[in-house]
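Read off the chains here:
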Amino acid sequence: ADWLNLFWACVNGIDKTHRTGSYLDDAGAWGFRLFDLGAIGSWRLNVMDRAVEWGRKALELDPDNQRLRNNLDFFIRRQAEVRAEG
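Attention now moves to helix 4 (residues 66-85). Because the α-helix completes a turn every 3.6 residues, residues three or four places apart line up on one side. In this model helix 4 runs 29 Å from its N-terminal to its C-terminal C-alpha over 20 residues, within 8% of the 28 Å that 1.5 Å per residue would give. Listing the buried residues of helix 4 in full gives Leu68, Leu72, Phe75, Arg78 and Gln79. For helix 4, the angular spread of the buried residues around the axis is 130°, confining them to a single face. Among the exposed residues of helix 4, those pointing more than 90 degrees away from its buried face are Arg77, Ala84 and Glu85. Against helix 2 (33-44) and helix 3 (48-61) lie the buried residues of helix 4.

Now for the environment of Arg78. Turning to its location among the elements, Arg78 is positioned in helix 4. On the accessibility criterion, Arg78 (18% relative accessible area) is buried. C-alpha of Arg78 to C-alpha of Ser22: the two residues are 56 residues apart in sequence and 40 Å apart in space. Those residues in contact with Arg78, other than ones at most four positions away along the chain, are Trp43, Asn46, Met48 and Glu85. At 3.1 Å, the side chain of Arg78 and the side chain of Glu81 are in polar contact.

Going through the model one piece at a time under the given rule, you end up with 7 salt bridges. Its salt-bridge partner being Asp36, residue Arg67 comes within 2.5 Å of it at the nearest N-O pair. Taken together, the positions of Arg67 in helix 4 and Asp36 in helix 2 put the pair 31 residues apart, joining distant regions of the chain. A residue is classified by how much of its surface remains accessible, and Asp36, at 2% relative accessible area, is buried. When salt bridges that share partners are traced, they join Arg33, Asp36 and Arg67 into one network.

Attention shifts here to the side chain of Ser42. By the element assignment, Ser42 lies in helix 2. Residues contacting Ser42, with those up to four places away along its chain left out, are Phe7, Val47, Arg50, Ala51 and Trp54.

Further remarks concern unusual backbone geometry. Unusually for a residue other than glycine, Asn46 sits at a positive phi of about 65°. In this fold, Asn46 is placed in the loop between helix 2 and helix 3.

Cut-offs and rules
- Residues numbered from 1 in each chain as written.
- Predicted model: local features only at pLDDT ≥ 70, side-chain atom pairs only at ≥ 80, totals over all residues.
- Heavy atoms only, no water.
- Helix = DSSP H or I, 4+ residues; strand = E, 2+ residues; numbered from the N terminus.
- Expected span 1.5 Å × (residues − 1).
- Buried < 20%, exposed > 50% of the residue type's maximum accessible area, 1.4 Å probe, protein only.
- Arc of directions from axis to C-beta.
- Contact = heavy atoms within 4.5 Å.
- Polar contact = N/O pair within 3.5 Å; in protein donor to acceptor, adjacent residues only side chain to side chain.
- Salt bridge = Lys/Arg side-chain N within 4 Å of Asp/Glu carboxyl O.

Quick look at the structure:
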C-alpha cells in the first residue's frame, strides 16, 4: 500500500525508459502491467486524470482484459465525481 512510491516508480518507468532493441529488453516490461499499476496507484492517490490516461493505455495494450476494462470504467466515474466536487 505504498502508493506514492508505486506512482513514482511508474512515472519513471513509463516516462524515462525506451526500448533498446537488445537482448536485455524484457518483453514483460513493455506490456500493460506498468500502466495498470500506475493507474491503480494514481487512483489511490486521487490523481484521476492520470488514472484514466494510464488505464486507457493499459486497456489499449491488452484489449481483451475485462479487469482493465472494469478498472477504466471505475476511474472514469471517479474522475467525474472528483471534478464535480471541485
